[in-house]
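# Residue-level structure breakdown
Here is what each chain is made of, one letter per residue.
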Amino acid sequence: MNGEKRREIFERLRETNPSPTTELAYETPFELLVAVILSAQATDVGVNKATARLFPVANTPQTILALGEEGLRRHIRTIGLYNAKAANLTKTCGILVEKYHGRVPRKRAELEALPGVGRKTASVILNTAFGEPTIAVDTHIFRVANRTRIATGKTPLQVEQRLLRFVPAEFHKDAHHWLILHGRYTCTARKPRCGTCLICDLCEYRDKTPEQA
Ligand code: SF4
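Quantities reported herein were computed from a predicted structural model and do not represent experimental measurements.

Phi angles above zero are rare outside glycine, and Gln41 is one such case at about 55°. With respect to the element layout, Gln41 can be found in the loop between helix H2 (29-38) and helix H3 (44-54). Given the relative accessible area of 72%, Gln41 is considered exposed. The phi angle at Leu81 is positive, at roughly 60°, despite the residue not being glycine. Note that Leu81 resides in the loop between helix H4 (61-76) and helix H5 (82-100).

As C-alpha cells, this is what we get:
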C-alpha cells in the first residue's frame, strides 16, 4: 500500500471519529490498568460489568490489596481466567505500593515488569492513560492491518513496528483506537462488512465480501 492511501484511510477514520477512545470504563490510570489486565480474552462489556462492582469498593492498589486475593476473586469471577488475573493483579498492586507509592509508572520497561502486563497492555496504558503515541496491536488491529495492507506482518510486534514506520506520525496517538473499533464493528473476523466500509475503495484485501467485490 502506498503512503497516499494510508494517509487517506486515517483521514477518513479521523473525520468519522475525531476523538476515539477505549470502550473500557475507567477514571484513573490505575483503573485503566486493572481493566486492561482483566480484558485479556474477555469482552469490554464483561470487564465493565465487573469493574462497576469492583471500583466502588476498591480502585487503588492499597484497597485492592486490602480485599485480599480471595476477596478480589469474588469481585471478578464473571470474567474468564479470573483466578490467574486475581493473582497477577494482587502481585501488581503489591509492586505499585512498594516501588511507586501506589502510582502507575509511565515507563514501558517498568510497566512490562508488572505481573499480567505485556507489551500490548503497556502500550495501551502509555497511549490511553498518558497520551503517548504508541500503537498496541491486538487481534483486531493485527487482522485489519494485514487485510487492508496498511501494515503487514507475521507477528503483532512486526505489525506494530510497520505501523509506526509507515503511518504518518500525526495519526499515531489515535491509530490504536481507530483500528480496533474498525476491526470490532466493520472489518470483523468472520465476515467483514465491506459493503458499508468507509475505506473499501482504499483497502487492498482480495477477498472482500461479495456485495462489494
Ligand atoms: S473493505 Fe472489507 S476487508 Fe477492507 S477494511 Fe473494509 S471491511 Fe475490512
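With that out of the way, let us pick up the site of the ligand. Every residue close to the ligand is listed here: Thr148, His182, Thr186, Cys187, Pro192, Cys194, Cys197, Ile199, Cys200, Cys203 and Tyr205. More than half of the atoms of the ligand fall within 2 Å of the grid points belonging to the largest cavity. A per-class count over the shell around the ligand returns eight nonpolar, three polar and no charged.

Within the element layout of this structure, Arg143 appears in helix H8 (residues 139-148). In this structure Arg143 is buried but unpaired, with Asp138 as the nearest side chain of opposite charge at 7.3 Å.

Applying the stated criterion across every chain yields a total of one cavity of 30 Å³ or more. In this model, the largest cavity occupies a volume close to 110 Å³. Together, 14 residues line the largest cavity, and Cys187, Pro192, Cys194, Cys197 and Cys203 are the ones closest to its centre. Partitioned by chemical class, the residues of the lining of the largest cavity number eight nonpolar, three polar and three charged.

With 33 residues, the main nonpolar core has Phe30, Leu33, Val34, Leu54, Ile64, Leu111 and Ile125 as its most contacted residues. Of all the elements in the fold, those that place two or more residues in this core are H2, H3, H4, H5 and helix H7 (119-129). Counting residues per element, this core draws most heavily on H2, at eight residues. Membership of the second largest hydrophobic core comes to 25 residues, among which are Ile141, Ile150, Val167 and Trp178.

This part is about the environment of Thr92. Along the chain, Thr92 falls in helix H5. Each C-alpha atom, one on Thr92 and one on Pro61, is 8.1 Å from the other, the two residues being 31 residues apart in sequence. Leaving out residues up to four positions away in the same chain, Thr92 has contacts with Leu33, Leu114 and Pro115.

What counts and how
- Residues numbered from 1 in each chain as written.
- Predicted model: local features only at pLDDT ≥ 70, side-chain atom pairs only at ≥ 80, totals over all residues.
- Heavy atoms only, no water.
- Helix = DSSP H or I, 4+ residues; strand = E, 2+ residues; numbered from the N terminus.
- Buried < 20%, exposed > 50% of the residue type's maximum accessible area, 1.4 Å probe, protein only.
- Near = heavy atom within 4 Å.
- 1 Å grid on protein atoms, 1.4 Å probe; cavity = no way out; pocket = protein on both sides within 12 Å on 5 of 7 lines; lining within 4 Å.
- Sits in = over half its atoms within 2 Å of the grid points.
- Nonpolar A, V, L, I, M, F, W, Y, C, P; charged D, E, K, R; others polar.
- Lys, Arg positive; Asp, Glu negative; His and termini not counted.
- Salt bridge = Lys/Arg side-chain N within 4 Å of Asp/Glu carboxyl O.
- Points joined across faces, edges and corners; volume = space filled by probe spheres on them.
- Core = buried A, V, L, I, M, F, W, Y, C linked by side-chain atoms within 4.5 Å.
- Contact = heavy atoms within 4.5 Å.

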